[in-house]
Amino acid sequence: MNEIILVGGGGHCKSVIEAAESVRCPDGTPAYRIAGILDTLDKVGADVLGYPVIGTDDDIPALIARTPGVRFVITVGHIKTAAVRRAIASRIVAAGGGFATVVASTAHVSAHAVIGAGSVVLHGAMVNAGAVIGEGCIINTLANVEHDAVIGDWCHISTGAMVNGDCVIAGGVFLGSQSVLLNGAHIGGEGSIVAAASFVRKSLKEPGIYAGNPAILMKKL
């Protein structure tokens, strides 16, 4: 059993709880034990889906010292930027902590794919052979990362998004719901945003907000 602490108690936290609860060890016991959730001070003492909010980010060093085997999953969402998620990760690393990876029971991750530490793959998602997912990524419900695609650290591949084969995505990119990347397309701009339902037909080189079919640059970052 993996003992984990979730950092962030909003909607994404609920999705990760659902994924973690779905996974069982071969003997039928839960694969993860959620030891608690960290959120803002005003939420301490509340609960999320029955799991208690036990503290804030300031408690990370004490929790690591008290339970050396515990691992963290950052459950703050990534809507437009991964900056908050990255800052939390830096605090965990500075305190000597580590990260758990959560793959929902209904997700399919090829034995020939690589999933980075701290990433989550939610229900119904597909990560096919040869794909490489970086650290701290969100592969959301029903997302599809096809063969040999490379997803940089701290990306969010949203619900129903499709990353076709041989695509390469830079770090911190947000790919909106039901957006599609044509086979071999690259998103080279760190932290870029691709709006929901957009179709990326060719590589996008500079950091920016892209939208449409075909996706075009709407705003530089």
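Presented here is an overview of the structure given in this document. Predicted, not measured: the structure shown is a model, and the values here were computed from it.

The subject of this paragraph is unusual backbone geometry. Note: most residues except glycine have negative phi, and most peptide bonds are trans. A cis amide bond, omega 5°, links asparagine 213 with the succeeding residue proline 214. By the element assignment, proline 214 lies in the loop between strand S24 (208–211) and strand S25 (216–220). Even without being glycine, aspartate 166 reaches a positive phi, approximately 70°. Tracing the backbone shows aspartate 166 in the loop between strand S17 (162–163) and strand S18 (168–169). For aspartate 166, a relative accessible area of 36% gives the class partly exposed.

A word on helix H3 (residues 83–94). Look at H3: 16 Å from first C-alpha to last across 12 residues, which is about the 16 Å you get at 1.5 Å a residue. For H3, the complete set of buried residues consists of Arg85, Ile88, Ala89 and Ile92. All buried residues of H3 lie within an arc of 100° about the axis, which places them on one face of the element. Packed against the buried residues of H3 are strand S1 (2–7), helix H1 (11–22), helix H2 (60–66), strand S5 (71–74), strand S6 (98–99) and strand S13 (138–139). Positive phi appears at glycine 96, one or two residues downstream of H3, with a value of about 90°.

Let us look at the sheet that holds strand S22 (residues 193–194). Strand pairing in a sheet takes place through backbone hydrogen bonds and is either antiparallel or parallel in direction. Here eight strands make up an open sheet; going across it, the order is S7-S10-S13-S16-S19-S22-S24-S25 and the pairing mixed. The sheet is open, and its two edges are formed by strand S7 (102–103) and S25, each paired on a single side. Relative to strand S16 (residues 156–157), S13 runs parallel, the two sharing two bridges. Paired with isoleucine 138 across the bridge in S16 is histidine 156.

The rules we used
- The residue numbering used here restarts from 1 in each chain and proceeds along that chain's sequence as written.
- Whole-chain, interface and lining totals are the exception, using all residues; otherwise, since this is a predicted model, local features are given only for residues with pLDDT of at least 70 and side-chain atom pairs are given and counted only at 80 or more.
- Working from all heavy atoms in the structure, the side-chain values ignore hydrogens and water.
- A run of DSSP states H or I qualifies as a helix once it reaches four residues; a run of E qualifies as a strand once it reaches two. Both are numbered from the N-terminal end.
- Between buried and exposed lies partly exposed: a residue is buried under 20% and exposed over 50% of the maximum accessible area for its type, with that area taken using a 1.4 Å probe on protein chains only.
- For a helix, the expected span equals 1.5 Å multiplied by the number of residues minus one.
- Directions are taken from the helix axis to each C-beta atom, and the arc is the one they span.
- Throughout, a residue-residue contact means that at least one pair of heavy atoms, one from each residue, lies within 4.5 Å.
- One requirement defines pairing of two strands: DSSP has to find at least two bridges between them.

So far we have only geometry, and geometry alone does not tell us how the molecule works.
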